[in-house]
Amino acid sequence: MIPSSPGQPKGGETASLQVAPATSLDHVAPLAFTYVSPEAYLSSEPPVCGHILAAVIHGEMAAAPRPWPQVSSGLRPLETTAAVELLHSRFPPRYAVEDGFDLAITEEILCGAWRPDTLPDVPLEGLTEALYERLFPLIERLGFPHLQRIWNVVPAINAEEGGMERYKQFCMGRHAAFSKYLPDIDGRYPSASAVGSAEGPLCVYFLAARTPGTPIENPNQVSAYNYPRQYGPRSPSFSRALVRRWQDQACLFLSGTASIKGHESKHNGALAAQADETLDNLKTLVAVGSDASGIGFDLAPATSVLKAYVRRPTDLLAIRDLLHRHFGRSMKLLYLQADICRVELLLELDGVVFSAPPAT
Ligand code: 3EB
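Keep in mind that what you see is a predicted model, and the values were worked out from it rather than measured.

A.B. asks: Could you give an account of the overall build of the protein chain, naming the residues involved and the relevant values?
C.D. replies: In terms of helices and strands, the protein chain carries six helices and 21 strands. Counting only C-alpha atoms and orienting by the principal axes, one finds that the protein chain spans roughly 50 × 45 × 40 Å. In the protein chain, the proportion of contacts linking residues at least 24 apart, taken out of those at least 6 apart, comes to 76%. Of the roughly 14,600 Å² that the protein chain leaves accessible, carbon and sulfur atoms contribute 52%. Computing the positive centroid from 31 side-chain charges and the negative centroid from 38, the protein chain places the two 2 Å apart.

A.B. asks: Tell me what's going on with the sheet that holds strand β1 (residues 31–36), and back it up with residues and numbers.
C.D. replies: The strand order β1-β5-β2-β3 describes an open sheet built from four strands, whose pairing is mixed. Both edges of this open sheet fall to β1 and β3 (70–72), since each of them pairs with a single strand only. When the angles between neighbouring strand axes are averaged without regard to direction, this sheet yields 20 degrees. Pairing analysis gives six bridges linking β1 to strand β5 (residues 82–89), with the strands arranged antiparallel. Residue Ala 32 lies in a different strand from β5, and its bridge partner there is His 88.

A.B. asks: Describe in detail helix α5 (residues 271–293), supporting the description with residues and values.
C.D. replies: Compared with an ideal rise of 1.5 Å per residue, which puts 23 residues at 33 Å, α5 spans 33 Å between its outermost C-alpha atoms and is within 8% of the ideal. Phi turns positive one or two residues past the end of α5, at Gly 294, with a value near 75 degrees.

A.B. asks: Summarise the site of the ligand; cite the residues concerned and give the values.
C.D. replies: Of all residues adjacent to the ligand, which total 13 residues, the nearest are Tyr 167, Arg 174, Tyr 227, Arg 240 and Cys 341. Within the side chain of Tyr 227, an N or O atom sits 2.7 Å from an oxygen atom of the ligand. Arg 240 is positioned such that a nitrogen or oxygen atom in its side chain is 2.8 Å from an oxygen atom of the ligand. Protein chains bury 99% of the 360 Å² of accessible surface belonging to the ligand in isolation. At three residues, strand β12 (residues 191–197) tops the list of elements feeding residues into the shell around the ligand. In terms of residue class, the shell around the ligand is made up of eight nonpolar, two polar and three charged.

A.B. asks: Break down the pattern of salt bridges for me, citing the residues and quoting the values.
C.D. replies: Throughout the structure, instances matching the rule amount to 16 salt bridges. A salt bridge links Lys 307 to Glu 85; the nearest nitrogen and oxygen atoms lie 3.0 Å apart. Here the residue Lys 307 occupies a position in strand β19 (residues 304–310), and Glu 85 occupies one in strand β5, the gap between them amounting to 222 residues. Take Lys 307: its relative accessible area is 3%, and that puts it in the buried class. Under the relative-accessibility criterion, Glu 85 is labelled buried at 2%. A salt bridge links Lys 266 to Glu 264, with the shortest nitrogen-to-oxygen separation between them at 3.6 Å.

A.B. asks: Quick rundown of the packing of aromatic side chains? Include the residues and the values.
C.D. replies: Summed over all chains, the structure comprises 14 aromatic pairs. Ring centres 6.4 Å apart and planes at 20 degrees place the aromatic pair Tyr 167 and Phe 170 in the stacked group. Of this pair, Tyr 167 and Phe 170 both sit in helix α4 (residues 166–181), three residues apart, roughly one helical turn. Here Tyr 167 and Phe 170 have matching classes, each one buried. Members of the aromatic cluster, connected to one another through ring pairs, are Tyr 132, Phe 136, Phe 178, Tyr 181, Tyr 189 and Tyr 225. Sitting over the face of the ring of Phe 144, Arg 210 holds its NZ or CZ atom 4.3 Å from the ring centroid. Arg 342 extends its terminal NZ or CZ atom over the ring of Tyr 227, reaching a point 5.0 Å from the ring centre.

A.B. asks: Can you tell me about the state of the cysteines, naming the residues and giving the values?
C.D. replies: Inspection of the entire model under this criterion finds zero disulfides. Cysteine Cys 49 remains unbridged, with the sulfur of Cys 251 as its closest cysteine sulfur at 14 Å.

A.B. asks: Describe the confidence of the model for the protein chain, with residues and values.
C.D. replies: Of all residues in the protein chain, 92% attain a pLDDT of 70 or more, and the chain-wide mean is 92. Of the regions scoring below 50 in pLDDT, residues 1–25 engages in 44 contacts with residues more than four places distant in sequence or in other chains.

A.B. asks: Give me the nonpolar core: which residues, what numbers.
C.D. replies: Counting 83 residues, the largest nonpolar core has Leu 31, Phe 33, Tyr 132, Phe 206 and Leu 207 as the members making the most contacts within it. Looking at which element gives the most residues to this core, the answer is helix α3 (residues 124–141), with eight residues. The residues touching Phe 33, leaving out its near neighbours within four places in the chain, are Glu 85, Leu 86, Leu 87, His 88, Trp 151, Leu 207, Phe 253, Val 305, Val 352 and Phe 354. One finds Leu 78, Ile 295, Leu 316 and Leu 349 within the second-largest nonpolar core, a separate group that totals 31 residues.

A.B. asks: Mind laying out the packing of α3 against α4, listing which residues take part and the relevant values?
C.D. replies: The contact between α3 and α4 brings their axes to 7 Å, and the two run at 30 degrees. It follows that α3 is roughly parallel to α4 by the angle criterion. Every pair of crossing elements has a handedness; the one defined by α3 and α4 is right-handed. Contacts between α3 and α4 involve Leu 124, Glu 125, Thr 128, Glu 129, Tyr 132, Glu 133, Phe 136 and Pro 137 from the first element and Arg 166, Gln 169, Phe 170, Met 172, Gly 173, Arg 174, Ala 176, Ala 177, Phe 178, Lys 180 and Tyr 181 from the second. In terms of residue class, the contact of α3 with α4 is made up of 10 nonpolar, three polar and six charged.

So, how was this worked out
- Residues numbered from 1 in each chain as written.
- Predicted model: local features only at pLDDT ≥ 70, side-chain atom pairs only at ≥ 80, totals over all residues.
- Heavy atoms only, no water.
- Helix = DSSP H or I, 4+ residues; strand = E, 2+ residues; numbered from the N terminus.
- Contact = heavy atoms within 4.5 Å.
- Areas by Shrake-Rupley, 256 points an atom, 1.4 Å probe, with all protein chains shown as cover.
- Lys, Arg positive; Asp, Glu negative; His and termini not counted.
- Charge placed at Lys NZ, Arg CZ, Asp CG, Glu CD.
- Pairing = 2+ DSSP bridges.
- Axes fitted to C-alpha atoms, helices over the stretch in contact; angles between N-to-C directions.
- Expected span 1.5 Å × (residues − 1).
- Near = heavy atom within 4 Å.
- Polar contact = N/O pair within 3.5 Å; in protein donor to acceptor, adjacent residues only side chain to side chain.
- Nonpolar A, V, L, I, M, F, W, Y, C, P; charged D, E, K, R; others polar.
- Salt bridge = Lys/Arg side-chain N within 4 Å of Asp/Glu carboxyl O.
- Buried < 20%, exposed > 50% of the residue type's maximum accessible area, 1.4 Å probe, protein only.
- Phe/Tyr/Trp six-rings, centres within 6.5 Å; stacked < 30°, edge-to-face > 60°.
- Lys NZ or Arg CZ within 6 Å of the ring centre and 35° of its normal.
- Disulfide = S-S within 2.5 Å.
- pLDDT = per-residue confidence, 0-100.
- Core = buried A, V, L, I, M, F, W, Y, C linked by side-chain atoms within 4.5 Å.
- Parallel < 35°, antiparallel > 145°, perpendicular 65-115°, else oblique.
- Left-handed = near helix turned anticlockwise from the far one by under 90°.

See the structure below:
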């Protein structure tokens, strides 16, 4: 059992941030996500639901030392110059750096982020393979061999390099590592997203658990790991969604979801129709995830957190309007400028839906 002692601050200046008591008797969720401003994040008392696992920094923000993993996504928020996505846990994490990953470890969860300074400067396929080949033995050794959710941000994802699109190279490297370390995976991939940044290092962060989650597929979409060859020599290694049961609550990780039916992109060039198709796919995943688990997941503001990856910044207003009409204004939604892994796709949504907290 990994001791659940609070992480040791690496510098005295962060000591005040270590104190994160549950200030109410409300149920503290096993895992939570919030979006906060840089000012709130950098203040002496950042808003915390339990404890901080990691901070994902979107956009330009002054660096500040913190004991937990801090990841720069390389993606730019569309509504503000910077936004911080906080991952929270109910148990206090121990923070560590191992094998090139910044880690936060609790009794029930492992959160990690690759430190982009520790692998040789090789082309994307080899870099991705090396990164994932380091990840698998690490999580195994730490006792959290089951990847639940992976976020990948690939610089220049749609650029051709050496005759192949970089997303396809990324998929090849990732596939090679999965095949080597998990040859019997048979479709039980983690939930994931893979989007593109304008520039910067490859960004990969993840959540892993001691026991497997339940992967979910969308009956209206070909499983990505079975995509035909036209999308690349090696298919993408992810499940459409994954149900995670914690002791007393569950969540449904929704992978990057776009306007794809079967294996084909739909509504090329038509933003509103792509958004409708994407929402339809998300709703299907929530319904299938609910059926498969017997848990009533509800893609509603009180129980969900979403990210919208928008290819063209000029589409922000239209997409926001559409999502407001669909979910209401209180949905936790972060809009990021990102390239999507197929050039014709204008929008991708991902997120997490939580089951109702246990009755007290
Ligand atoms: C798709 O459905 C859109 O390569 O990890 C979505 C989520 C997409 C994850 C990945 C890719 C990935 O194929 C693209």
